[in-house]
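One letter stands for each residue in the lines below.
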Amino acid sequence: MTRLNIAAITAALIGLTQSAFAQTIERFEEIADDLYYVGNATHNTVFLVTDEGIILADPVNYGFSTELRAEIESRFDVPVRYVLYSHHHADHASGGAVWADTAQFVGHENMLRYLALPPADTPIPPEVVDWDMDGDGLLEGHEAIDWRGFNTSTRGEFFLAGFSHRLFDFYDYDGDGALSGAEITRGPLNEVRAPNITYRDELTITLGGKTAKLVYTGPHTHSDDMSVIIFPEESVGYMADFISIVRPPRWIRGVRPIETWLAAIRLVEAQDFTIAAPGHGAVGDAEYITLFREYLEQLRDEIRAGIEAGETVEQLQARIQMDEYSDWISYDAFLPQNIEDMYNLLTNQ
Ligand SMILES: [Zn+2]
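Residues numbered from 1 in each chain as written. Predicted model: local features only at pLDDT ≥ 70, side-chain atom pairs only at ≥ 80, totals over all residues.

### Considerations on unusual backbone geometry
Step number 1: Residues other than glycine seldom take positive phi values, yet Val60 does so here, at roughly 70 degrees.
Step number 2: Along the chain, the position of Val60 falls in the loop between strand E4 (53-56) and helix H2 (62-75).
Step number 3: Judged by local crowding, Val60 falls into the buried class, with 28 C-beta atoms found within 10 Å. (Helix = DSSP H or I, 4+ residues; strand = E, 2+ residues; numbered from the N terminus. Buried ≥ 20, exposed ≤ 12 C-beta atoms within 10 Å, placed from the backbone.)

Next comes the structure, spelled out in structure tokens:
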């Protein structure tokens, strides 16, 4: 590859990540009494206002939280007292430092394991080992040019990193300007503030006479530290990544069978709320959670049958249509990737 090509690709990727991680607040809606749904072009979160302070779900990222804080301070006269994490992934959980002067941080206990640095002898993941051009066992800034390759590396579980041109810094745990296998495997988590309150199965937070409940959804395809966050009095549930509303999943990847994912969705379906507020997609009736599960099941069944009939990924992509879902956000863009991912998930097990 020539220098020109590398520059062109780098420029294209920076353009992509900037648009995908815009920090501008595009959405600020009250979806239930004192409960707000806020988001940028790609990511959403929720917060509940009480007399004694605010309970916020994911902080999304540093820039978003900085903007949200200014907005909250202009509208309400109470501070954020709790930040409740859905899971550790950097594109939802970064930016907690913005709230650290007033808030406690709450997440599933497995978040701490993901945030810790793996053992020092952890090798560079195979999918990026070729970038170590000088063979010193470290990736320096000039070597790590294809940021997309990092996205698959967090302990084998899928994780969409895509952040900014500063992504390197988010991986560089010790700040020495070179990434070890342990740092790459951990992921770009430097702006994820660790929870100081953790729980195992369920936890209820009470503030100003209102409540939020975190429920662990079990080890599944997306991660093993995922909470669904429920506001019982407002009848709202917030969930990120493993359930989207009126949008297919962005990816279907991971180290665990698809059945673990479906079980996690069923667990959420069994909770008592009527409004689903997703990290991705749009606010909808909780029945859309069931439709999302059925999308995955239908895709699984079609592809499993295709695999048994000896079809290739390309043949499946040419044949499979999910007509009932064709009006969902990003359907045309995500379906071919969903087919390829589901094929890989089913054939790798
Ligand atoms: Zn995630």
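Additional details are given in the paragraphs that follow.
### Some words on the sheet that holds E4
Note on sheets: strands pair through backbone hydrogen bonds, and any given pair is parallel or antiparallel.
Step number 1: The 7 strands lie next to each other as E1-E2-E3-E4-E5-E6-E9, forming an open sheet whose pairing is mixed. Of all strands in the sheet, those bounded by a partner on one side alone are strand E1 (27-32) and strand E9 (197-199). Within this sheet the neighbouring strands show an average axis-to-axis angle of 20 degrees, counted without direction.
Step number 2: Strand direction decides the pairing type here: strand E6 (residues 104-108) and E9, joined by 3 bridges, are parallel. Within the sheet, the bridge partner assigned to Val106 lies in E9 and is Ile197. (Pairing = 2+ DSSP bridges. Axes fitted to C-alpha atoms, helices over the stretch in contact; angles between N-to-C directions.)

### Thoughts on the pairing of strand E14 (residues 275-278)
Step number 1: Where burial is concerned, the two faces of E14 agree: the one with Ile275 and Ala277 and the one with Ala276 and Pro278 are both buried.
Step number 2: Considered for its hand, the β-α-β crossover made up of strand E13 (residues 236-239), helix H7 (residues 258-269) and E14 is right-handed.
Step number 3: Two strands pair when backbone bridges link them, and E14 and strand E15 (residues 284-285) are joined in this way by 2 bridges, in the antiparallel orientation. Paired with Ala276 across the strands is Gly284, a residue of E15.
Step number 4: Hairpin connection between E14 and E15: a loop of 5 residues separates the two successive antiparallel strands, and Gly281 in this loop has a positive phi of roughly 105 degrees. (Right-handed = clockwise from strand over helix to strand, strands pointing away.)

### Points about the packing of H7 against helix H8 (residues 287-308)
Step number 1: Relative to each other, H7 and H8 sit at 160 degrees, their axes nearing to 10 Å. In terms of axis orientation, H7 runs roughly antiparallel to H8. Seen from above, H7 lies across H8 with left-handed handedness. In contact with Ile258, Trp261, Leu262, Ile265, Arg266, Val268 and Glu269 of H7, H8 contributes Ile289, Thr290, Phe292, Arg293, Leu296, Glu297 and Arg300. (Parallel < 35°, antiparallel > 145°, perpendicular 65-115°, else oblique. Left-handed = near helix turned anticlockwise from the far one by under 90°. Contact = placed C-beta atoms within 7 Å.)

### Observations concerning the sheet that holds strand E12 (residues 227-231)
Step number 1: Strand order in the open sheet formed by 6 strands is E10-E11-E12-E13-E14-E15, and the pairing between neighbours is mixed. Looking at the sheet topology across the chains shown, the edges are occupied by strand E10 (202-207) and E15.
Step number 2: Summarising the sheet, strand E11 (residues 210-216) and E12 pair through 4 bridges and their orientation is antiparallel. For Val215, the partnering residue across the bridge sits in E12 and is Val228.

### Let's talk about the pairing of strand E3 (residues 44-50)
For a regular strand, side-chain orientation follows a simple rule: the groups alternate between the two sheet faces.
Step number 1: In terms of burial, E3 is a largely internal element, 6 of the 7 residues being buried.
Step number 2: Pairing of strand E2 (residues 35-39) with E3, which is carried by 5 bridges, proceeds in the antiparallel orientation. Note that in E3 the partner of Gly39 across the bridge is Asn44.
Step number 3: As paired strands, E3 and E4 are joined by 4 bridges and run antiparallel to one another.

### With respect to the environment of Leu35
Step number 1: Here Leu35 lies in strand E2.
Step number 2: C-beta crowding within 10 Å serves as the criterion here: with 23 such atoms nearby, Leu35 is assigned to the buried category.
Step number 3: When near neighbours in sequence (up to four residues on either side) are disregarded, Leu35 contacts Glu30, Val46, Leu48, Phe231, Glu234 and Val236.

### Observations concerning the packing of H8 against helix H10 (residues 331-347)
Step number 1: Between H8 and H10, whose axes approach to 10 Å, the crossing angle comes to 65 degrees. In this structure, H8 meets H10 at a crossing whose hand is right-handed. Note on element contacts: H10 touches H8 through Asn338, Ile339, Met342, Tyr343, Leu346 and Thr347, opposite Leu299, Arg300, Ile303, Arg304 and Ile307.
Step number 2: Looking at the contact of H8 with H10, its residues break down into 7 nonpolar, 2 polar and 2 charged. (Nonpolar A, V, L, I, M, F, W, Y, C, P; charged D, E, K, R; others polar.)

### Looking at H7
Step number 1: Between the first and last C-alpha of H7 there are 17 Å, a value that for 12 residues agrees with the 16 Å anticipated at 1.5 Å per step.
Step number 2: Of all the positions in H7, only Ile258, Trp261, Ala264, Ile265 and Val268 are classed as buried. In a view along the axis of H7, the buried residues occupy a sector of 120 degrees, so they form one face of it.
Step number 3: The inward-facing, buried residues of H7 contact E12, E13, H8 and H10. (Expected span 1.5 Å × (residues − 1). Arc of directions from axis to C-beta.)

### Quick word on the nonpolar core
Across soluble globular proteins, you tend to see nonpolar side chains buried next to one another.
Step number 1: With 82 residues, the main nonpolar core has Val46, Phe47, Leu56, Val83 and Leu84 as its most contacted residues.
Step number 2: If you tally residues by element for this core, the top one is H8, at 7 residues.
Step number 3: Here this core spans two domains, since at least three of its residues come from each of domain 1 (1-265 + 274-287) and domain 2 (294-347).
Step number 4: Not counting residues within four places of it along the chain, the set of residues in contact with Val83 comprises Leu56, Pro59, Gly96, Trp99, Ala103, Phe105 and Val106. (Core = buried A, V, L, I, M, F, W, Y, C linked by C-beta atoms within 7 Å. Domains from an automatic or database assignment.)

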